[in-house]
Amino acid sequence: MSGDQITVVVSAIEQVAPSIREFTLTSKDATLYPFSPGSHVVVEMQGESKTYKNAYSLMSDPWDTDAYKIAVRLQDSSRGGSIYMHEQVEVGDELKITPPANMFAPEWGAKKHVLIAGGVGITPFMSYLPELMRRDADFELHYLYRGNNTGAYKAELAQELGARYFGYDSVQGEKCDIATLFAERLLGTHFYICGPESLIEGVKSLADECGVPASAIHYEEFAAPQPGMPFEVEIKSTGVVVPVGAEESMLEALEAAEIEVPNLCRGGVCGQCVCQVEEGEIEHRDHFLSGAEKAAGTAVMPCVSRAKSKRLVIEI
Amino acid sequence: MRVAPKEIQTFRDDFTYTNSPEAIQRFPFPFPEDDYRYSVNMEPHTPKGGEGSAYEKFLDIDEHYLSEMKERSLVLKDMPHRCLAMEHMDLACWDMIERCMVSLAEDYPEHFVLECDGDNWTWENKLLDIKDTFVFGDSSTLPMPPMEYMGRQLQGDFALLDQREGDLFLDAGIITCPADWSLAFDAGMSFSEWHGPVPMAHSEGIFERALKYLTAIQVGKPVRRLNWTMTINARMDTSPETYHEWGHERTSVTPENVGEKVYLRVELQVLDRMPRSNAMMFSIRTYLMSLEDIVSNPEWAKRMHRVMKTLPAPLIDYKGLTRYHGMVVDYLSQFDKAN
Ligand code: HEM
Ligand code: FES
């Protein structure tokens, strides 16, 4: 009845640009869920010393339940997951993914949809396009890329979308005049941005200057699982000390040590799991405690929150 | 043992509705503690309570299936607007059809059969003697609009909430057994708007937290909560639209008949993310149990006495219990002598 993780098999890998690989994932047992445009999955990768969890947009047709597609750009910076996906994963390998979740859905009430993609930020829009076309919606795609380096899919998009496609190759000095897009917008137009932080920030501040309401601007905000630093939690009354790893929640660690904590939502809203804090500094990540309660530092929600100090002494 | 659907009983006029001993035993009693306060009482909708429990399956079909479907058709005949779906909810309606048909066919293969050949689907409901073939996603291939088609075969009310701007909007539903609220009135409203009349919970931040939780619910991870109120006689349709038929019944309660007249009305609410549309499906499965039947379980009788005695005045008022609340407490006190 409830699906936690899905095991998928990597059935194809394609190098679509020098730094971008596309993975086709097929289901191992049941069929895959259909999903809504803009959805992502969290892929769990079992590295040698640690488990990586990265969120990737689904870029296949939302109605296609035979396979999911994701594209992974090799990041130069520390995120180990992309290196793992590029260097370790081979066709035939199994991966664990979460069911699709959506933090970046189209506003179907919009009169017109303007999609602005930077580089690999094209991925969520790949799932928008089939549905926009099925619904006969008014839309255009503006694709900003750096030559062949990040310009995967440009030829097929140009062909498929025709006059609704606008490409800008920064290597060729081509620039997208976003201020003009804003100035010439029709009433009821919604803008969607996915790409590097700098692009999103730039578009947001331009929108502000041009008087585009914030409600008409959408950008991808990943709710990637939030690991943290390892720490220890001590139960005051019993003196039992439980280590909490970087990739697990305090609640999970306590449960693994067979210490029962009442809980319902496991998402920081229901208030069931609240524990009293006797010692230690808390990193609050819940929506349950009020600002004043958080500041007081005497209560913690172990399902999501963590410790800033090395040890937290609590009472259940 | 699961309870099998039985012959049609009524939720109006002569009120022939009864609960069998098995139905009493599996009743989702809503009070985990001696006092009741509003809270964000949500938990994952995973099986609980073993075989035959109301929490065993995604959708609970019980002995009242035929009676409730009959009652629904009576309501819709008089008031077709008790079912509505805004145009942009069509895809969500199909998500709902898939979710409900697939789970019914899996959970109750003796009653429901689904055969899918690509988009050509054949659905058989043996309880209602329905067999239809249609094209998935094409509303013109169903004998009636998708929400109504599915809703007429499901126990409990259903709403579909469109998710946008970080909020939920009540844009579709089939609501024929509401606890005093109106779909026509609430249609198009946001989460905090349609919850407007509820006392205490807004200022306690309950709805704010609940909404954050709901908008993050993922596909395949449904959650449930219980809500409750009281109803005089086993009346399913306590809607504002029919208030003139039931409002006055509150004055008919006496110390002599309180046990049989007053029903505890429990709603098992399930929230489930719809995959294609990103909408939320909200199902409200209503269970009615007379106080007489409740007190056949001594634990329930005691617990309920304590809950009723300590119920905050704003809740007594909002739930419409004012006229007979005292009689309920007096009646229950005989089963809780220590208190
Ligand atoms: C998203 C789906 C939901 C829908 C469509 C819905 C709808 C409603 C409606 C129509 C009412 C009656 C308001 C009136 O008096 O007019 C109500 C009452 C209420 N709702 Fe919700 N609701 C939903 C989810 C929730 C959730 C998740 C909570 C969790 C805290 C909640 C808590 C309540 C409470 C406490 C009441 C008062 C009930 C009583 O005392 O009888 N609702 N809801
Ligand atoms: S389990 Fe709900 S707040 Fe922690």
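Rules and cut-offs
Residues numbered from 1 in each chain as written. Chains lettered and ligands numbered in written order. Predicted model: local features only at pLDDT ≥ 70, side-chain atom pairs only at ≥ 80, totals over all residues. Heavy atoms only, no water. Helix = DSSP H or I, 4+ residues; strand = E, 2+ residues; numbered from the N terminus. Rg over C-alpha atoms; globule rule 2.2 N^0.38 Å. Buried < 20%, exposed > 50% of the residue type's maximum accessible area, 1.4 Å probe, protein only. Contact = heavy atoms within 4.5 Å. Areas by Shrake-Rupley, 256 points an atom, 1.4 Å probe, with all protein chains shown as cover. Lys, Arg positive; Asp, Glu negative; His and termini not counted. Charge placed at Lys NZ, Arg CZ, Asp CG, Glu CD. Near = heavy atom within 4 Å. Polar contact = N/O pair within 3.5 Å; in protein donor to acceptor, adjacent residues only side chain to side chain. Nonpolar A, V, L, I, M, F, W, Y, C, P; charged D, E, K, R; others polar. Pairing = 2+ DSSP bridges. Axes fitted to C-alpha atoms, helices over the stretch in contact; angles between N-to-C directions. Buried area = accessible area lost by both parts, 1.4 Å probe. Salt bridge = Lys/Arg side-chain N within 4 Å of Asp/Glu carboxyl O. Domains from an automatic or database assignment. Donors = N, O, S within 2.8 Å, 3.2 Å for Na, K, Ca; no water. Phe/Tyr/Trp six-rings, centres within 6.5 Å; stacked < 30°, edge-to-face > 60°.

Asker: Account for the overall build of chain B, with residues named and values stated.
Answerer: Of the regular secondary structure elements, chain B holds 13 helices and 10 strands. In terms of overall size, chain B behaves like a compact globule, its C-alpha atoms giving a radius of gyration of 20 Å where 339 residues would be expected to give roughly 20 Å. When the backbone C-alpha atoms are referred to their principal axes, chain B occupies close to 65 × 45 × 40 Å. The proportion of buried residues among the 339 residues of chain B is 60%. Restricting the contact set of chain B to residue pairs at least 6 apart, pairs at least 24 apart contribute 72%. Carbon and sulfur atoms make up 51% of the accessible area of chain B, which amounts to about 13700 Å² in all. Chain B carries 35 positive and 55 negative side-chain charges, and their two centres are separated by 5 Å.

Asker: Please provide a residue-by-residue account of the site of ligand 1, values included.
Answerer: Residue and element names in this part refer to chain B. Surrounding ligand 1, one finds 21 residues, the nearest of these being Tyr38, Trp194, His195, Tyr318 and Lys319. In the environment of ligand 1, a nitrogen atom lies 2.8 Å from a nitrogen or oxygen atom belonging to the side chain of histidine 195. Of all the secondary-structure elements, those providing two or more residues to the shell around ligand 1 are α6 (191–194), α7 (206–215) and β8 (223–232). Classifying every residue of the shell around ligand 1 by side-chain character gives 15 nonpolar, 3 polar and 3 charged.

Asker: Please give an account of α7 of chain B that cites residues and values.
Answerer: All names here are of chain B. Counting buried positions over the 10 residues of α7 gives 8, a clear majority of the element. Along α7, the positions that sit buried rather than exposed are Ile206, Phe207, Arg209, Ala210, Leu211, Tyr213, Leu214 and Thr215. Elements that come into contact with the buried residues of α7 comprise β6 (157–164), β7 (167–174), α6, β8, β9 (262–273) and β10 (280–290).

Asker: Please set out the sheet that holds strand β4 (residues 120–125) of chain B residue by residue, giving values where relevant.
Answerer: Residues and elements named next belong to chain B. With antiparallel pairing, 3 strands are arranged side by side in an open sheet as β3-β4-β5. Strands at the two margins of the open sheet, each flanked by one partner only, are β3 (112–117) and β5 (130–135). Each strand axis lies, on average, 10° off the axis of its neighbour in the sheet, ignoring direction. Bridging between β3 and β4 involves 6 bridges; their strand directions are antiparallel. Following the sheet pairing, valine 113 is matched in β4 by glutamate 124. Packing against the sheet, helix α3 (residues 90–107) makes contact with β3, β4 and β5, and its axis sits at approximately 120° to β3.

Asker: Account for the interface of chain B and chain A, naming residues and giving values.
Answerer: Across the contact, 29 residues belong to chain B and 24 residues belong to chain A. Between chain B and chain A, the buried area comes to about 2300 Å², and carbon and sulfur atoms account for 61% of it. The largest contributions to the chain B side of the interface with chain A come from Arg209, Val219 and Arg276 of chain B, which together make up 24% of the buried area. Between chain B and chain A we count 0 salt bridges in total. The interface formed by chain B and chain A holds 1 residue pair in polar contact (both at pLDDT 80 or more) in total. Mapped by element, the contributors of at least two residues to the side of chain B that touches chain A are β1 (43–44), α3 and α7 of chain B.

Asker: Go over the domain arrangement of chain A, please, and point to the residues and values.
Answerer: Residue and element names in this part refer to chain A. Entries for chain A in the domain assignment read domain 1 (6–102), domain 2 (112–220) and domain 3 (231–315). Here domain 1 and domain 2 have C-alpha centroids that lie 23 Å from each other. In this complex, domain 1 contributes 18 residues to the contact, which on the side of domain 2 involves 16 residues. Applying the counting rule to domain 1 against domain 2 returns 1 salt bridge. One salt bridge connects arginine 134 with aspartate 61, and the closest N-O pair in it is separated by 3.0 Å. Scanning the region where domain 1 abuts domain 2 turns up 4 residue pairs in polar contact (both at pLDDT 80 or more). At the level of secondary structure, the elements contributing two or more residues to the side of domain 1 that touches domain 2 comprise β1 (6–17), β2 (20–27) and β5 (67–73).

Asker: Please set out the coordination of the iron atom of ligand 1 residue by residue, giving values where relevant.
Answerer: For the iron atom of ligand 1, the protein contributes exactly one donor atom, His195 of chain B (NE2), at 2.0 Å. Position of histidine 195 of chain B relative to the elements: it lies in the loop between α6 and α7.

Asker: So, the packing of aromatic side chains: which residues are in play, and what are the values?
Answerer: Residue and element names in this part refer to chain B. Overall, the coordinates contain 29 aromatic pairs over all chains when judged by the stated rule. Between phenylalanine 31 and tryptophan 228 the ring centres are 5.1 Å apart and the planes differ by 80°, which places this aromatic pair in the edge-to-face class. In this pair, phenylalanine 31 sits in the loop between α1 (21–25) and β1 while tryptophan 228 sits in strand β8, placing the two residues 197 residues apart along the sequence. The pair phenylalanine 31 / tryptophan 228 is uniform in exposure class, with both members buried. Feature note: the residues Phe27, Phe29, Phe31, Tyr36, Tyr38, Trp228 and Trp300 constitute an aromatic cluster, connected by ring pairs.

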